[in-house]
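Commentary on secondary and tertiary structure
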Amino acid sequence: VPKHNLSMSATYEHKFIEPLIGFIKLNYVHVSGLYVDDENSDKTSSYNLVNSTIGFDWIVNKFQVIASCGINNMFNHTYVAFVNINSANKEFYEASEPRNYFVGINLGYTI
């Protein structure tokens, strides 16, 4: 388990017209290094990530549409995403995802 985990987020919203709100979200994550074996003989490096999302939220009567897109790992930082504790072959680390992009749409109805 890492000694320190820190996550901070900031959101800005802007109402364009009554049912349409635009938003921008930024997320910062810091994870300190962690040991990969019971002997504490090897440790991962700490890492920092920045993720972003932009989109809109549209509500009409009981219907809601949220459309968004974004970037995860904006600065394409390579870090250890998963650790195989006490690996017999001393293969402790699995690499992270590189910078990646996403698009999403959520549809909702309130009863």
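Residues numbered from 1 in each chain as written. Predicted model: local features only at pLDDT ≥ 70, side-chain atom pairs only at ≥ 80, totals over all residues. Heavy atoms only, no water.

Counting its secondary structure elements, the chain contains zero helices and seven strands. Order of helices (α) and strands (β) in the chain, N terminus to C terminus: β-β-β-β-β-β-β. Along the three orthogonal principal directions, the C-alpha set of the chain runs to about 60 × 25 × 20 Å. Looking at the 111 residues of the chain, the share that counts as buried comes to 26%. Considering only contacts in the chain between residues 6 or more positions apart, those separated by 24 or more positions represent 52%. Here the chain has roughly 8100 Å² of accessible surface; of this, 58% comes from carbon and sulfur atoms. (Helix = DSSP H or I, 4+ residues; strand = E, 2+ residues; numbered from the N terminus. Buried < 20%, exposed > 50% of the residue type's maximum accessible area, 1.4 Å probe, protein only. Contact = heavy atoms within 4.5 Å. Areas by Shrake-Rupley, 256 points an atom, 1.4 Å probe, with all protein chains shown as cover.)

When you line up the elements, Ala95 lands in strand S6 (residues 93-95). Taking relative accessible area as the criterion, Ala95 reaches 64% and is therefore assigned exposed. Aside from chain neighbours lying at most four places away, what touches Ala95 is Tyr79 and Ala81.

Bringing the nonpolar core into the picture now. Judged by nonpolar contacts, Val29, Val31, Tyr47, Leu49 and Tyr79 together constitute the single largest core of five residues. Residue assignment for this core shows that the elements contributing at least two residues are strand S2 (20-31) and strand S3 (47-60). (Core = buried A, V, L, I, M, F, W, Y, C linked by side-chain atoms within 4.5 Å.)

Turning our eyes to something else, we now look at the side chain of Asn73. Positionally, Asn73 belongs in the loop between strand S4 (63-72) and strand S5 (80-83). When sequence neighbours within four positions are dropped, the list of residues in contact with Asn73 reads Leu49, Val50, Asn51, Tyr79, Glu97, Pro98 and Arg99.

Now for the pattern of salt bridges. Following the criterion strictly, the structure yields one salt bridge and no others. In this structure, the salt-bridge partner of Lys15 is Glu18, at a minimum N-O distance of 4.0 Å. Since its relative accessible area comes to 48%, Lys15 is described here as partly exposed. What makes Glu18 exposed here is its relative accessible area of 63%. (Salt bridge = Lys/Arg side-chain N within 4 Å of Asp/Glu carboxyl O.)

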